[in-house]
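Each chain, written out:
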There are 2 protein chains.
Amino acid sequence: MKTIQAATYPVHFHAKSYLELSNLIAKKNYSTIFILVDENTIEHCYPKFIPNLSTNKRIEVIEIESGEINKNIETCIGVWNAITELGGDRKSILITLGGGVITDLGGFVASCFKRGIDFVNIPTTLLSMVDASVGGKTGVDLGVLKNQIGLFANPEMVLVDTTYLETVEEREIKSGTAEIIKYGITYDVKLFNEIRSNKNLKISDLIYRSIEIKNEVVLQDPKEKGLRKILNFGHTLGHAIESFYLESEDKENLTHGEAIAIGMVCECYMSSKLLDFPAKKVAEVKEVVVSIYTKTNLLKEDFTAIMDLLKHDKKNVNGQVNFVLLKDFEDFKLDCKVSDELIIESMAFYNS
Amino acid sequence: MKTIQAATYPVHFHAKSYLELSNLIAKKNYSTIFILVDENTIEHCYPKFIPNLSTNKRIEVIEIESGEINKNIETCIGVWNAITELGGDRKSILITLGGGVITDLGGFVASCFKRGIDFVNIPTTLLSMVDASVGGKTGVDLGVLKNQIGLFANPEMVLVDTTYLETVEEREIKSGTAEIIKYGITYDVKLFNEIRSNKNLKISDLIYRSIEIKNEVVLQDPKEKGLRKILNFGHTLGHAIESFYLESEDKENLTHGEAIAIGMVCECYMSSKLLDFPAKKVAEVKEVVVSIYTKTNLLKEDFTAIMDLLKHDKKNVNGQVNFVLLKDFEDFKLDCKVSDELIIESMAFYNS
């Protein structure tokens, strides 16, 4: 597959990507190669990765615990201490090998270590391949607030090898699928219809197309002043729902994609009420979401807590929640204000 | 005094600076103005500052504890939580009002909050006026390792009002003087001789000249690939000495300037042994340092611990300590390797 050129760095695919990484390491003459993994990727991905890396540089592996709950500053401090103790310096490079937690946190860790060392992302989950792999967003959560602390920082290179997906669970694949649906709804209805019809789907093609779309959007608006906000479709309410389940001790966590899928249904519903987005299309989106994901029942007594979290979304300005809503597929309106009543109504609609 | 134009932002002086700040706030239409202070600057500087600020925006004050010991990620987490609880959003601005701890930490906090909000620095100590005010370095310590975590990030504006110096102690003024001496030795021997002769010294002129010098250096080499390393003169060993005293519970801490002054004497001595820097000039530097600062007696039994800290300096590459040394005043050599024996000898020279 052809390399995609992102802002300041290439996204390479499959066999070629390993050659390019080995070339980069030789060219930049790094002092030490740090590889950030979790307990899953050290077991399932690292053994696939390491034989492909051709270098005589010192390699040090740093392992953190998997899970969104560990995507926080405390974990960063652990990694910074580990790099320090292992003699990391300004000519070190950090390779992230894992899902979005590893790539987002690793990019942030690298960008702040001694005011910035190089890093390379190797996403190993569908979600991180289609979402975190391009765009330059790095960061960690602050308490339950997602990505509250972070930076825009670009890796030297991104490597996409879809064979890593063999190592992840079905539920994770579904989580990533929510982002592909989002690209379809907001930017490429052909892609959405392919998923709806559920035929001729080759995952590596869906990934490639998703990265192309995200890259097109990000290149036009790297700092999220306008167009890029469409990538937040479904995420405004979805993040609040995700945070709520994360902090509720008596409830099973939702995956990012499960939460965002609910968010997309709700935000389609809001769109239909405020921007005449066709009700038929709301139904199509809901049908696809319900067909892929186990239906979550949002409890009425939880709505207030979800609304509170929504009001802390980092994209809010002056305490005002801003939604990206749809006039139609591929046609959006930024910075929409939605009444609390309609937001609650949309969650009831998802439940119905 | 004439505004100095730094990389992407102006450094304004005295009365004009407050007008410019009020204009900036009006123009950018910030949602909330956060002011970061410590227990000293809230008492002594804030009452001088706030009547000069002309705005109807919401103002929130966040106070942290003073001292290098609090320049760490834990304090950042506290500030991030405070900003979050006070409803900070992407259109918020953070004004730092304090010494180097406040400006370095505040710049880092702002740059990472929701992937970056604007900040303005108002240095209130001599050290922060002549050193931290320009250059784009932000950061915090990791354990005893100084500035291990941080970023290059530029403020919107820097305000220098030397009347804040009336609020700080004599020992702090001396601490900042070490940086002025450094500019003199490495870049402008006329400035050094003014300090030596100790006549006609107007502090605001010394500050202005120091900022000019630092700005000239930083504009030529923002990311410290070459020339900017001269600003580390005295700091390589000086930082290790500062860290050592900071972590020794039975010893009184040194100020940054006190430690750097010792570092400059030692590094002049190394320069004389390795680069034929004239012995007479080593003596001049030592004489100035000893005349300004209380002589510290570096204990022989502490040399090993100081050497260990030196080897963790963030500027090291491949575990190799790199010094900036002098061939003459205003004439330096970067990336000098120095034997452990000579480093120890230089500390003994300082003691002698």
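Residues numbered from 1 in each chain as written. Chains lettered and ligands numbered in written order. Predicted model: local features only at pLDDT ≥ 70, side-chain atom pairs only at ≥ 80, totals over all residues. Heavy atoms only, no water.

A. Representation of the packing of helix α4 (residues 73-85) of chain B against helix α5 (residues 100-112) of chain B within the structure. Residue and element names in this part refer to chain B. Relative to each other, α4 and α5 sit at 55°, their axes nearing to 10 Å. The orientation of α4 with respect to α5, classified from their angle, is oblique. α5 is crossed by α4, and the crossing has right-handed handedness. Residue-level contacts link I73, T75, C76, V79, W80 and I83 of α4 to L105, F108, V109 and C112 of α5. (Axes fitted to C-alpha atoms, helices over the stretch in contact; angles between N-to-C directions. Helix = DSSP H or I, 4+ residues; strand = E, 2+ residues; numbered from the N terminus. Parallel < 35°, antiparallel > 145°, perpendicular 65-115°, else oblique. Left-handed = near helix turned anticlockwise from the far one by under 90°. Contact = heavy atoms within 4.5 Å.)

B. Focus on the pattern of salt bridges. Counted according to the given criterion, the structure contains 46 salt bridges over all chains. A salt bridge links R58 of chain A to E60 of chain A; the nearest nitrogen and oxygen atoms lie 2.7 Å apart. Overall, R58 of chain A belongs to the partly exposed group, its relative accessible area being 37%. For the salt bridge of E194 of chain B with K190 of chain B, the shortest nitrogen-to-oxygen distance reads 3.7 Å. Of this pair, E194 of chain B and K190 of chain B both sit in helix α8 (residues 189-197), separated by four residues, roughly a single helical turn. (Salt bridge = Lys/Arg side-chain N within 4 Å of Asp/Glu carboxyl O. Buried < 20%, exposed > 50% of the residue type's maximum accessible area, 1.4 Å probe, protein only.)

C. Just the domain arrangement of chain A, in detail. All names here are of chain A. Each assigned domain of chain A is listed here: domain 1 (4-167) and domain 2 (170-199 + 222-351). Just the C-alpha atoms count here: the centres of domain 1 and domain 2 sit 28 Å apart. On the domain 2 side, the residues contacting the 15 residues of domain 1 number 22 residues. In this assembly, domain 1 packs against domain 2 so that about 1,700 Å² is buried in total across both faces, 64% of it on carbon and sulfur atoms. Where domain 1 touches domain 2, the interface holds two salt bridges. For E242, the salt bridge is made with K146, and the minimal N-O distance between the two is 3.4 Å. One can count five residue pairs in polar contact (both at pLDDT 80 or more) joining domain 1 with domain 2. Going through the elements one at a time, α6 (126-132) and β8 (145-152) are the ones with two or more residues in the side of domain 1 that touches domain 2. (Domains from an automatic or database assignment. Buried area = accessible area lost by both parts, 1.4 Å probe. Polar contact = N/O pair within 3.5 Å; in protein donor to acceptor, adjacent residues only side chain to side chain.)

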